[in-house]
Structures are given as structure tokens and as C-alpha cells.
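Structural overview
As a plain string of letters, each chain reads:
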Amino acid sequence: MNDFKVGFIGLGLIGGSIAKALKYFYPGVHITAHTRSIETARYALSEGIIDDACTEIGNAYGECDYIFLCAPVEANVAYLQTLKPFLKEDCILTDVGSTKTDIHEHINALGMQKNFIGGHPMAGSEKTGIVNSKRHLLENAYYVLTPTEEVSPDKVKRYENLVQTIKALPLILDYREHDYVTAAISHLPHLIASSLVNLVKDSDNDRETMKTVAAGGFKDITRIASSSPEMWEQICSTNRENIITVLDNYINSLISVKIALAEHDSHKIYELFDTSRDYRNSISDVSRGPLKKVYSIYCDMVDEAGGIAALATILATNGISIKNIGIVHNREFEEAVLQVEFYEEEARKKAVGLLRKYRYTIYER
């Protein structure tokens, strides 16, 4: 299937990336979009990401074979009532939200189960908006599908094929299981990171000593605290029961650690680090989950005039874009002086080979 019609409501980072991927892999696809921002619609039209922009939800959506809800999770629910009269029988209605129970409950209440398959592409970035969207953003990322009980197997298979064509990895889950899993491996980590950052901020002295030396491991485990407050407030509010459950479990584990420390139970402390290390090392390093992988290398180099500029020039003249570069001042957990971050794994690998040819000492992790 190549000549088909797709409707989007919302065109941010994820929606824009899906639209770009569809245009690339299905050149004949016709894409219609409705966005709150006129600037977003103009950009999408000028870049050829979409074919038509609609100022309201209307008859154009009645011709769509797929409709993607790509607005914030609470806004997606608000569009359902408006969309319902326009859904043709074989249309697949889906969303890209990080929580699924809330929208499934609204789908059930509105009697839209035969059209709906929830979707959650487990990819993203700290950058937002369609200008940061990429055709390959979803490549090799898990794309969770949460079909209703009444949607046909043919629709599920059709959606699976679409996801596979844009190079993502479809994974079918019950929507309740999805929300419990993401509460543990995505939503709780964001809460922990944000809470830890605020703890350091509130515990620091007037000279901001903690902030000054905060780097290495601290910056790694708190990177996701830079995410959108609006988005994460909505995610937490629509998955609060699951988050509370895993948060209770986490609090209990912290209390257990506190007791072990108070009782000088060295065996229990060792076991904590031993089991967590083994389990962490068993997790694939391929970027397939909801927490975006950082593509970094570490370079050992002497601090001398022009050193960083020379390295950056080598990369630039070979077509390698740098996302971020900087001196690692706190090297408690690092083996090198300079950290260089890239936008994707392919660029990182190319940089490693290139810089080693120039006899730079490069560390990967």
C-alpha cells in the first residue's frame, strides 16, 4: 500500500518524525494535519512534510486510512468526540502518548473501540517541535501497540506492517501492562532525576559548591530532568496510580538501604551494588527504550591552545556534526578530559574511527 491518506492532529517532534518517515517510505502518501500553531503548519507545508493543513477537524479526516493523535496526552482525549463522526469503518485511529489507560477509557466510553489501536513510539529527544523532527528518529526503537479488544486482527496487522516499514520495532501490549511498565522504566526515573536535582539545589551552600562540581555520574543520571515540565505533569497525572505503586516500592527499597547503612550491614550494601551492576550490564545498549541514549565519546588530550578547535575541525571537514562538546571537570567516573556528544550512533562510530587514525586516545562507554 502506497497511495493512502493519513491525518495528523498535532505535529511536534514525534508527529513530525512519523510524518517524515511516512513520506520517505511511502512516496505516494497524502498527509493532512491540524495544528494549534500556524507557524508549525506553514513549516510543515514548506518542507513538504504534509500536503494539506486544516484549521479545524472536518471532512478531510473522513477520507483518512490512519489518524495520528500527536498532541499532549490530555489534549488527545479532547479531540476524540470531534473526530468520531468522521471515522470511516476501516480507518485506524491511534495516538503517540506515553500513557494509554486514560485514552483507552475514553475510547470505550465513546464506543470507538473498533477503530482504535493505541501507540507509543519509545523514542524522543530533549528538543521539541517539528523543526527538530527526524525521519530516522524511530528507527530501531520499540513502538508499543495497545489494541482494543474489539479492533480487528486485520487492522492490528496493517498497523504492525506500517510500523515495521518505517524501521521501528512493533511490540503489542495490553494498555494496562504498558502503563505499569512505563511507570517503572520511564516515569519514575524522571521523578527521581527531578527530585535529585532539586535536593542538590536545596542542599547547596551560598557558594554553590555542589553545582560547581556536579558532573560525571550526577549529570548522566539527571539528564532527563531537562525534559518538558508541561508534558511530564500530564504524563504523571494520567498514570498516577501506577507511578504511586512503583514509587512506594522504590521508597521501601531506599528505606531498606538506609537501614543497612545505619546497621553497618556491609553485605547488604555490597549486594545492592552487585545485583544492580549485573542486571544493568545485561540490558542491551541499543537505543530501543523510552529514555533516549546519549551518543558520546571521551577524548584524552593535553590542554593547549587550539586543541579543541583542531579536533572539531577534523570532525567538521568529514561531515560529522557535534551536538555538544566540553571539558569534563569532575572526572571521578571518567577516563578523559573532553566529552564529545553526537546526534546519532552512526556519527559517533565514524568519529571514533576517524580520531583514532589521528592518534587521539578515545574512550567509549
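Predicted model only: the values in this text are computed from it and were never measured.

1. Quick word on empty space enclosed by the protein
In this approach the atoms are scanned with a rolling probe the size of a water molecule, which exposes any empty space left behind. Tallied over the entire structure, the rule returns one cavity of 30 Å³ or more. In this structure, the largest cavity occupies an estimated 50 Å³ of space. Lining the largest cavity, in full, are Val73, Asn76, Val77, Asp95, Gly97, Thr99, Asp102 and Ile103. Of all the secondary structure elements, the ones that give two or more residues to the lining of the largest cavity are helix H3 (73–83) and helix H4 (101–110). Sorting elements by how many residues they give to the lining of the largest cavity places H3 first, with three residues. Partitioning the lining of the largest cavity into residue classes produces three nonpolar, three polar and two charged.

2. Overview of the sheet that holds strand E11 (residues 338–342)
With respect to topology, four strands assemble into an open sheet ordered E10-E11-E9-E12, the strand pairing being antiparallel. One side of each edge strand has no neighbouring strand; the edge strands of this open sheet are strand E10 (322–327) and strand E12 (361–363). Recorded for the sheet is a direction-independent mean angle of 25° between the axes of neighbouring strands. Bridge analysis of strand E9 (residues 295–300) against E12 gives three bridges, and the strand direction is antiparallel. By the bridge assignment for E12, Tyr298 is matched with Tyr363. Packed on one face of the sheet, helix H13 (residues 345–357) meets E9, E11 and E12 and runs near 15° to E9.

3. Quick word on the pattern of salt bridges
Taken as a whole and judged by the stated rule, the model has 14 salt bridges. Across the pair Asp174 and Arg176 runs a salt bridge, and its minimum N-O distance is 2.9 Å. Among the residues examined, Arg176 registers a relative accessible area of 44% and is labelled partly exposed. The salt bridge involving Asp202 is made with Lys201; its shortest N-O contact spans 3.0 Å.

4. Observations regarding the environment of Leu145
By secondary structure assignment, the location of Leu145 is in strand E7 (residues 142–147). Owing to a relative accessible area of 0%, Leu145 belongs among the buried residues under this scheme.

5. Digging into the side chain of His120
Relative to the assigned elements, His120 resides in strand E6 (residues 117–121). Look at His120 and you get buried, because its relative accessible area is 5%. Within the structure, His120 has its side chain in polar contact with the side chain of His178 (distance 2.8 Å). Filtering out sequence-adjacent residues up to four positions away, His120 remains in contact with Asp95, Val96, Gly97, Ser98, Lys100, Tyr142, Tyr143, Val144, His178 and Thr182.

What counts as what
Residues numbered from 1 in each chain as written. Predicted model: local features only at pLDDT ≥ 70, side-chain atom pairs only at ≥ 80, totals over all residues. Heavy atoms only, no water. 1 Å grid on protein atoms, 1.4 Å probe; cavity = no way out; pocket = protein on both sides within 12 Å on 5 of 7 lines; lining within 4 Å. Points joined across faces, edges and corners; volume = space filled by probe spheres on them. Helix = DSSP H or I, 4+ residues; strand = E, 2+ residues; numbered from the N terminus. Nonpolar A, V, L, I, M, F, W, Y, C, P; charged D, E, K, R; others polar. Pairing = 2+ DSSP bridges. Axes fitted to C-alpha atoms, helices over the stretch in contact; angles between N-to-C directions. Contact = heavy atoms within 4.5 Å. Salt bridge = Lys/Arg side-chain N within 4 Å of Asp/Glu carboxyl O. Buried < 20%, exposed > 50% of the residue type's maximum accessible area, 1.4 Å probe, protein only. Polar contact = N/O pair within 3.5 Å; in protein donor to acceptor, adjacent residues only side chain to side chain.

These values are about where atoms sit, not about what they do.
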